[in-house]
Amino acid sequence: MTTSVTTERKPSRFRLPSFGVQVLIGLVLGVVLGLVARSMGADGVDATTGEVDPNWLTETLSTIGGTFVTLLRAVVPPLVFLAIVASIANLRDVTGAARLAWRTLAWFAITALIAVVIGIVLGLVLQPGDHTSVTSDAASAPSTTGSWLDFLTGLVPANVLGLEGSASNDGSVGLSFNVLQILVVSIAVGIATLEVGEAAEPFLAFVRSALAVVQKVLWWIILLAPIATVGLLGNAVASYGWDALGSLGMFTVAIYAGLALVVAGVYPALLRLHGLSVRQFFSGAWPAISLAFVSRSSVGTMPVTESVTERNLGVPRAYASFAVPLGATTKMDGCASIYPAISAIFVAQFFGLDLSVTDYLLIAFVSVIGSAATAGVTGATVMLTLTLSTLGLPLEGVGLLLAIDPILDMGRTAVNVTGQALVPTIVAKREGILDQATYDAPRGRDAWREVADSREPATAAA
């Protein structure tokens, strides 16, 4: 008698691709849908305002991407405040906290100086101002400019939350925030908790608990990043396309060549110099870099930058939660070093003005120091106006470059965020506080994973 045994197979569970792969898929879909939306053309022109009405697909992509950036920015104020207060309180257990801060600022300056030198060299070699078909009719002064007083005024908080209100035409009031002011308030409160001592322990317990809640909310928002990538990149392609690149082709090449040299040359060299794997760094920082590229917002990407710096790169939370927000306001190798250096040379060449050695030294000085001076009103255009005004070049030159600014801004922001993750990693390595096991750990399916989902924390204790 033969007995047959039937083995029941369990249905295989569907597994989503890793976070990094999801973002890549989002990038591809964004480009495809953006091209489709652009080929559909506009729905017409608004008779009242004279503005072009986008088609339904462009509007949908814009809404998806804009909603995600709005959600990220909404988390920034409480995250910065809570993280910095908690990190300063934790720094009392970290040896050489003051040394960490100064070395962070020193490496901000070192990498910015290298980036601006690359920008100056490329501007002189490629001469983008002499190889352009843009006409002087496009020259116009920007509505927003930067000055050295912005740094001082930006340091003074308008209120304890660093929030600013503005009235719109429909009577509603919109709120915005100044990260630099929130940073100042947070540092003051953090230092005060150290001075108060034991009486501040209930407050610190509340801060740590609230920080955990905010980070959980942040994780839920980040899960939407692949979908948001489709909207952000798709809207950029649909709205701007690549038509404007023709007249400013050499300028665009110079900017992206400089960005590529910094990301693919300078940063890897610094990592190897400190005995760190280049592949591990970029695979760990990839979620922040990719999000920065499509969102064009260092501040909006800051929560992700801080998370990957802690959880993938092994930087202690007490240090990362201080260094990354500081870097988001003052560390901008793309916007504050490469871009203003090449742009200033472009404007000088376009208007037939000669720059002296002193002028090039001033460009370097503004790039290294000026990013802090414009932190309260962060933006590449503001940084460029500060550079031009310092050199005495015509501010009308800014208008020549505005047509392709969104295309350049994607690369600039990605470089900014890469540097904001790189410097804390290098400083932590030099100080001997980097969790090397976390840095070298296989990324597995997810380049960025939530600590709460792991039995063992992925970050090093401060």
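Residues numbered from 1 in each chain as written. Predicted model: local features only at pLDDT ≥ 70, side-chain atom pairs only at ≥ 80, totals over all residues. Heavy atoms only, no water.

The condition is simple: UniProt positions are given in the numbering used here, feature names are shortened, and annotations may be inferred rather than shown by experiment.
Under an unreviewed UniProt entry, the protein chain has the name Dicarboxylate/amino acid:cation symporter and belongs to Nocardioides pinisoli. In its Subcellular location (unreviewed entry) section, UniProt records this for the protein chain: "Cell membrane".

**A word on the packing of aromatic side chains**
Selection rule: Pairing of aromatic rings covers Phe, Tyr and Trp, the last counted by its six-membered ring, and requires centre-to-centre distances within 6.5 Å; plane angles under 30 degrees mean stacked, over 60 mean edge-to-face, and any other angle means tilted. Each helix corresponds to a stretch of at least 4 residues labelled H or I by DSSP, and each strand to a stretch of at least 2 residues labelled E; elements are numbered beginning at the N terminus. For every residue, the accessible area (1.4 Å probe, protein chains only) is compared with the maximum for its type, and the residue is labelled buried under 20%, exposed over 50%, or partly exposed between those bounds.
Following the criterion strictly, the structure yields 5 aromatic pairs and no others. Relative to F350, the ring of F346 has its centre 6.1 Å away and its plane inclined at 20°; by these criteria the two rings are stacked. Residue F346 and its partner F350 are located together in helix α12 (residues 334–350), separated by 4 residues, close to a single helical turn. For F346, a relative accessible area of 0% puts it in the buried group. Residue classification places F350 among the partly exposed residues on the basis of a relative accessible area of 22%.

**A closer look at the packing of helix α3 (residues 97–126) against helix α8 (residues 249–273)**
Cut-off, in case you're wondering: What counts as an axis is a line fitted to C-alpha atoms, over the stretch in contact for a helix, and the angles between N-to-C directions run from 0 to 180 degrees. Helix crossings fall into two classes, left-handed where the near helix is turned counterclockwise from the far one by less than a right angle and right-handed where it is turned clockwise. What makes two residues a contact is simply this: any of their non-hydrogen atoms within 4.5 Å. For this classification, the nonpolar set comprises Ala, Val, Leu, Ile, Met, Phe, Trp, Tyr, Cys and Pro, the charged set comprises Asp, Glu, Lys and Arg, and every other residue, Gly included, is treated as polar.
Relative to each other, α3 and α8 sit at 140°, their axes nearing to 10 Å. Crossing geometry of α3 relative to α8 is assigned as right-handed. Of α8, the residues touching α3 (which contributes W107, T111, I114, A115, I118, L122 and L126) are M250, A254, A257, G258, L261, V262, V266 and L270. Class assignment for the residues of the contact of α3 with α8 results in 13 nonpolar, 2 polar and no charged.

**So, the UniProt feature "transmembrane region" (unreviewed entry) in the protein chain**
Under the local residue numbering, the UniProt record ascribes the feature "transmembrane region" (unreviewed entry) to residues 21–41, 61–85, 105–126, 175–196, 217–242, 248–270, 336–355 and 361–386. The span residues 61–85 is 100% helical and 0% strand by assignment, and the distance between its end C-alpha atoms comes to 37 Å.

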